[in-house]
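Listed below are the residues making up each chain.
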Amino acid sequence: MKILFINACVRTESRTLELAQYLLSGLDGEITKIDLEKEDILPLKEKTLEKREQLVRAQKFDDTFFHYAREFAEADEIVMAAPYWDLSFPSLLKIYLEAVTVSGVTFQYDAGVPKGMCHAKRLFYVTTAGGPIFADFGYSYVKTLAENFYGIGETICFKAENLDVEGADVAALIGKTKKEMELFCGL
Ligand SMILES: Cc1cc2nc3c(=O)[nH]c(=O)nc-3n(C[C@H](O)[C@H](O)[C@H](O)COP(=O)(O)O)c2cc1C
């Protein structure tokens, strides 16, 4: 079982990362971690987009350009950790998703309709927020991509909210989410 852990947390003391690590401790498999802060994934610009389109047209999917997409497609299970930033997630994660959403590697068009090419059956999304998550453009975006592009049938979100609210009992809020993980994983 190959678990791909995509870490979009940037703070050393990240509560989201703490929760994701707890979840990973309850999953069975060999974990490959991608620390997005340490990677050098660039957003697509004119030249890189052109290069990508040429490679796709030539079906050169073994090119290093598609390294992240291939790794994502081959994973048996995916865990994403991303704090709730500006109603969604850090842009590091968007750039990563842009790199993995490649027609011919993680999905392919069938009469204009995307069909998933990813092995993973489940994707876990772990997040924490300073206040309430009243509009989750982060998880709902990842879930829609997973189900409609990648062909990953099940997405599961674990979250802890209101961590930065004055007087919040952060340990209790984090503990509650850990309990939910324990119930889920049978920890
Ligand atoms: C750039 C930035 C944007 C944020 N945007 C929101 C937001 O829209 N809503 C919210 O409730 N909290 C927001 N927060 C607070 C974080 O969601 C909260 O502190 C979270 O627990 C941080 O996760 P971490 O401990 O893993 O770094 C933001 C924090 C930062 C640094």
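What follows covers the overall build of the chain. Assigned secondary structure in the chain consists of six helices and seven strands. Mapped from its N terminus to its C terminus, the chain presents α and β elements in the order β-α-β-α-α-β-α-β-β-β-α-β-α. In terms of overall dimensions, the chain is globule-like: its C-alpha atoms have a radius of gyration of 17 Å, near the 16 Å expected for 187 residues. Based on the C-alpha atoms only, the size of the chain along its principal axes is roughly 55 × 35 × 30 Å. Counting every position in the chain, which comprises 187 residues, the buried fraction comes to 42%. Restricting the contact set of the chain to residue pairs at least 6 apart, pairs at least 24 apart contribute 78%. For the chain, the accessible surface area stands at approximately 10000 Å², while carbon and sulfur atoms represent 52% of it. Of the charged side chains in the chain, 21 are positive and 29 negative; the average position of the first set lies 3 Å away from that of the second.

In this structure, Q59 is a non-glycine residue whose phi angle is positive, near 55 degrees. Looking at the secondary structure, you find Q59 in the loop between α2 (46-57) and α3 (67-74). Exposure remark for Q59: the relative accessible area of 58% places this residue in the exposed category. Positioned with a positive phi, L87 is a non-glycine residue whose angle comes to about 70 degrees. Assessed through its relative accessible area of 32%, L87 is described here as partly exposed.

Near the ligand there are 15 residues, and of these S14, T16, Y84, T128 and D164 occur at the shortest range. In this structure, an oxygen atom belonging to the ligand sits 2.6 Å away from a side-chain N or O atom of D164. Taking 640 Å² as the accessible area of the ligand by itself, protein coverage stands at 74%. Looking at the shell around the ligand, its residues break down into six nonpolar, five polar and four charged.

Let's shift gears to the sheet that holds strand β2 (residues 30-35). Read from one edge to the other, the open sheet built from five strands follows the order β2-β1-β3-β6-β7, with strand pairing classed as parallel. Looking at which strands have only one partner, the edges of the open sheet turn out to be β2 and β7 (154-160). Averaged over all adjacent pairs, the angle separating strand axes in this sheet is 15 degrees, with direction ignored. Pairing between strand β6 (residues 122-128) and β7: seven bridges, direction parallel. If you follow V126 over to β7, its bridge partner there is F158. Against the sheet, α3 touches β1 (2-7), β2, β3 (77-81) and β6, its axis set at about 130 degrees to β1. Where helix α4 (residues 91-100) meets the sheet, its contacts fall on β1, β2, β3 and β6, and the angle it forms with β1 comes to roughly 135 degrees.

About the cut-offs
Residues numbered from 1 in each chain as written. Predicted model: local features only at pLDDT ≥ 70, side-chain atom pairs only at ≥ 80, totals over all residues. Heavy atoms only, no water. Helix = DSSP H or I, 4+ residues; strand = E, 2+ residues; numbered from the N terminus. Rg over C-alpha atoms; globule rule 2.2 N^0.38 Å. Buried < 20%, exposed > 50% of the residue type's maximum accessible area, 1.4 Å probe, protein only. Contact = heavy atoms within 4.5 Å. Areas by Shrake-Rupley, 256 points an atom, 1.4 Å probe, with all protein chains shown as cover. Lys, Arg positive; Asp, Glu negative; His and termini not counted. Charge placed at Lys NZ, Arg CZ, Asp CG, Glu CD. Near = heavy atom within 4 Å. Polar contact = N/O pair within 3.5 Å; in protein donor to acceptor, adjacent residues only side chain to side chain. Nonpolar A, V, L, I, M, F, W, Y, C, P; charged D, E, K, R; others polar. Pairing = 2+ DSSP bridges. Axes fitted to C-alpha atoms, helices over the stretch in contact; angles between N-to-C directions.

Geometric values such as these leave the question of function open.
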